[in-house]
Amino acid sequence: MSEKANETSLGSYTWLEIYSSKDYDRLIDILDIEFGPEKIAADLKNNISREVGAVLIEHGYIDKDYRSTLYNYYAKMGRPYRADCVRIHFFDREVEYSDTPLDLKGPDEWLDYRYFGFIVLRPTIEHTLGRSVFSPRIRIGARGNVIQSHHKVHLIGQTLSARGFPSMSQPADIAVCAHVSCWAILRHYSEQYPQHQELLVHDVTRLAKPFDPGGLTPSLGLTVYEAERIFQAAGCYPLMVVKKWEEDTNGDDQDSSFYAQLLSYLESGFPLFVALENEGHAIVVAGYSWVEPSCEVSGDNSHVWTQVESLLAVDDNLLPYSTVGVGGKQVPGAVSPAYTARDFTAFIVPLPEKIYYPAHAVESFSRGALYRSYKAKLDLPEEDILLRRYFITTISALRRYVKENRSQMGEELVNLFMHVRTAQFVWVIEYASEQEWACGHIAARAVIDASASPTDEHPMWLCHNHELAIAFDRSSGKPSGKEFELDRPECTPLGRMEDNLRPVNW
């Protein structure tokens, strides 16, 4: 096979086979100067894996996000701007392109699996990377689990599905990093949940203020409070969590509650708007990876944040899924920005309605009242080897997980989950010893009412370990628990639930 790119052009499409990273340099000859081909070629060479075997360049593409800024901003400027964009699609090397008839074919019927998504290039000369959705599978250095949604793509008479998290670079002259981070989260919501309205880039810039600021105002930046306003105006219920600085004798940040809450909402499947105050920057955190299972527990009723190796960020200065270290060091072998999680100063989680019990209340309840009251009955690990984990899910997703894992749960426990009367959203708390966590197992699980008041002293619906389950009737002020002896398969451990995010290689 030739080491040189094989290019076929007809009408508004160009097929470019990729045999090595150098083949992306051909984009410099194919794309017009307005699309910044040198920068895009360099980004793809350095950040896209060899799993990509070909790209299809779609010329004359009409992008609605770019059009929203063209009509409301660029068209009013003295310099003329083109109305069309370029869309670049990524495929594996098994896909074949034909120009007579114009078609894309794979060796099987499942073309979606061989399609990795797309990037849009805006004709703005600088900051040309527009709306993009591509799989983390093809991002060099991406690891762990990431929030993903399906985005329909209509291409050459076919409907494909791009799976990933939306991103773009900041236009700079009409929107900056904070606008783009808000847009990315809201676009994910509109694709994932039909009740959320689709908002374009210009729509997001207008939501930050109670009036249309016009002129250069959007490009001067956003405060974290204006970002919160955008999410509220878009129909979300944003919760802001601000770091409290408490330093130990080494000067290291010790606000463990901040990071425990950050991870709990992230594990719940909510992308986070994260502010880096010292950097004057905002990003989206959309994924995480665990450390190797040999890591020791730090003791003192630890949260599983101590087991996180890195976070996955959507940063408008980089291609998405860059790897952010959680301490003061970068992650070896990963494509990382200059900052780490230690530089985070605040985050906003855009929640749905009816989640009233916040993560900080779960943190207090899981390490306090729940642990003390049921440590003996549920045979929970001692504090010096204990790990706690909690996240939000829906009762329907929890029941689906229980049913799919019927063989480890046992019929009686499955039946309890199916009959327990809960609200739509629940918090799931999992306890594990160091050894159990390393094996992907847990010692016990509790289900908490996410619609409970933060002052509710009895927010629990159900708790269980390997041998015992306790169900609670919450219709009274002090609900009593009914105990059930479980007849589970012998020597079958309880696995931890990880259903809200998808593995990078999914």
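The coordinates are above.
Summary of the structure given here. Worth saying up front: this structure is predicted, and the values here are computed from it rather than measured.

1. Describing the packing of helix H10 (residues 395-404) against helix H12 (residues 411-419)
And then number 1: In contact at an axis separation of 10 Å, H10 and H12 are set at 165° when each is read in the N-to-C sense. Between H10 and H12, the angle is such that the two are roughly antiparallel. H10 and H12 meet at a crossing whose hand is left-handed. From H10, Leu 398, Arg 399, Val 402 and Lys 403 reach across to H12, where they touch Val 414, Phe 417, Met 418 and His 419.

2. Considering the sheet that holds strand S19 (residues 386-394)
The strands that make up a sheet pair up through hydrogen bonds in the backbone, lying either parallel or antiparallel.
And then number 1: The sheet built from seven strands is open, its strands ordered S15-S19-S20-S22-S23-S24-S25 with mixed pairing. Across the chains shown, the open sheet's two edge strands, defined by having one partner strand only, are strand S15 (302-303) and strand S25 (481-485).
And then number 2: Here two bridges tie S15 to S19, and the two strands are oriented parallel to one another. The partner of His 303 across the bridge, within S19, is Arg 388.
And then number 3: Sheet strands in contact with helix H8 (residues 359-367) are S15, S19, strand S20 (425-433) and strand S22 (444-449), and its direction is about 140° off that of S19.
And then number 4: Docked against the sheet, H10 engages S19, S20 and S22, running at close to 115° with respect to S19.

3. Regarding the pairing of strand S13 (residues 272-276)
And then number 1: The buried fraction of S13 is high, at five of five residues.
And then number 2: Of the pairings in the sheet, the one linking S13 to strand S14 (residues 281-290) comprises five bridges and is antiparallel in character. Paired with Phe 273 across the bridge in S14 is Val 284.
And then number 3: As judged from the three bridges shared by S13 and strand S18 (residues 346-351), these two strands associate in the antiparallel manner. Note that in S18 the partner of Ala 275 across the bridge is Ala 346.

4. Points about a negative patch on the surface
And then number 1: Judged by side-chain charge, Asp 379, Glu 412, Glu 467, Glu 485, Asp 487 and Glu 490 come together as a negatively charged surface patch.
And then number 2: Mapped onto the elements, Glu 485 comes out in strand S25.

5. A few points about unusual backbone geometry
And then number 1: Cis peptide bonds are those with omega within 30 degrees of zero, and the linkage from Thr 100 to Pro 101 qualifies with -5°.
And then number 2: Here Pro 101 shows up in the loop between strand S5 (96-99) and strand S6 (102-105).
And then number 3: Even without glycine at this site, Tyr 321 takes up a positive phi of about 70°.
And then number 4: Along the chain, the position of Tyr 321 falls in the loop between strand S16 (308-314) and strand S17 (322-325).
And then number 5: Even without being glycine, Asp 379 reaches a positive phi, approximately 55°.

6. Let's talk about the layout of surface pockets
And then number 1: Reported here for the largest pocket is a volume of approximately 940 Å³.
And then number 2: Lining the largest pocket are 35 residues, and of these Gln 192, Tyr 193, Ser 268, Thr 394 and Asn 500 sit closest to its centre.
And then number 3: At the level of secondary structure, the elements contributing two or more residues to the lining of the largest pocket comprise strand S10 (149-155), helix H4 (177-192), S18, S19 and H10.
And then number 4: Looking at side-chain class alone, the lining of the largest pocket contains 15 nonpolar, 14 polar and six charged residues.

7. So, the environment of Leu 413
And then number 1: If you trace the backbone, Leu 413 turns up in helix H12.
And then number 2: Owing to a relative accessible area of 1%, Leu 413 belongs among the buried residues under this scheme.
And then number 3: Residues Leu 413 and Val 402, spaced eleven residues apart in sequence, show a C-alpha to C-alpha distance of 8.6 Å.
And then number 4: For Leu 413, the residues in contact, after removing those within four places along its chain, are His 464, Ala 469 and Leu 486.

Conventions used here
- All residue numbers refer to position in the chain's written sequence, counted from 1.
- Two thresholds apply to this predicted model, a pLDDT of at least 70 for residue-level local features and 80 or more for giving and counting side-chain atom pairs, whereas whole-chain, interface and lining totals are computed over all residues.
- Working from all heavy atoms in the structure, the side-chain values ignore hydrogens and water.
- Note on method: axes are straight lines fitted to C-alpha atoms, helices fitted across the in-contact stretch only, with angles between N-to-C directions ranging 0 to 180 degrees.
- Only runs of H or I of at least four residues qualify as helices and only runs of E of at least two qualify as strands under DSSP, and these elements are numbered from the N terminus.
- With respect to orientation, any angle under 35 degrees is reported as roughly parallel, any angle over 145 as roughly antiparallel, any angle of 65 to 115 as roughly perpendicular, and every other angle as oblique.
- Each crossing gets its hand from how the near helix is turned against the far one by less than a right angle, where anticlockwise is left-handed and clockwise is right-handed.
- We call two residues contacting when some pair of their heavy atoms lies within 4.5 Å.
- Two strands form a pair only when DSSP identifies at least two bridges running between them.
- Whether a residue is buried, partly exposed or exposed follows from its accessible area with a 1.4 Å probe, protein chains only, as a fraction of its type maximum: under 20%, in between, or over 50%, in that order.
- Candidate patch residues must exceed 30% relative accessible area and have no salt bridge, after which like charges are joined if within 9 Å and Val, Leu, Ile, Met, Phe, Trp or Tyr side chains if within 5 Å.
- Here the open area of atoms and residues is found with the Shrake-Rupley method and a 1.4 Å probe, where only the protein chains shown may cover a residue.
- Here, a salt bridge means any Lys or Arg side-chain nitrogen found within 4 Å of an Asp or Glu carboxyl oxygen.
- Here Asp and Glu are counted as negative and Lys and Arg as positive; His is not counted, and neither are the chain ends.
- Taken as the charge centre is NZ of Lys, CZ of Arg, CG of Asp or CD of Glu, depending on the residue.
- With a 1 Å grid spanning the protein atoms alone, the term cavity applies to any set of points in which a 1.4 Å probe fits but cannot get out, the term pocket to an open set with protein on both sides within 12 Å along at least five of seven lines, and the term lining residue to any residue with an atom within 4 Å of a point.
- Grid points are joined across faces, edges and corners, and a volume is the space filled by probe spheres set on the points.
- Under the convention adopted here, Pro, Cys and the residues Ala, Val, Leu, Ile, Met, Phe, Trp and Tyr are nonpolar, Asp, Glu, Lys and Arg are charged, and Gly plus all remaining residues are polar.

Honestly, that's just the spatial picture; any functional story needs more than this.
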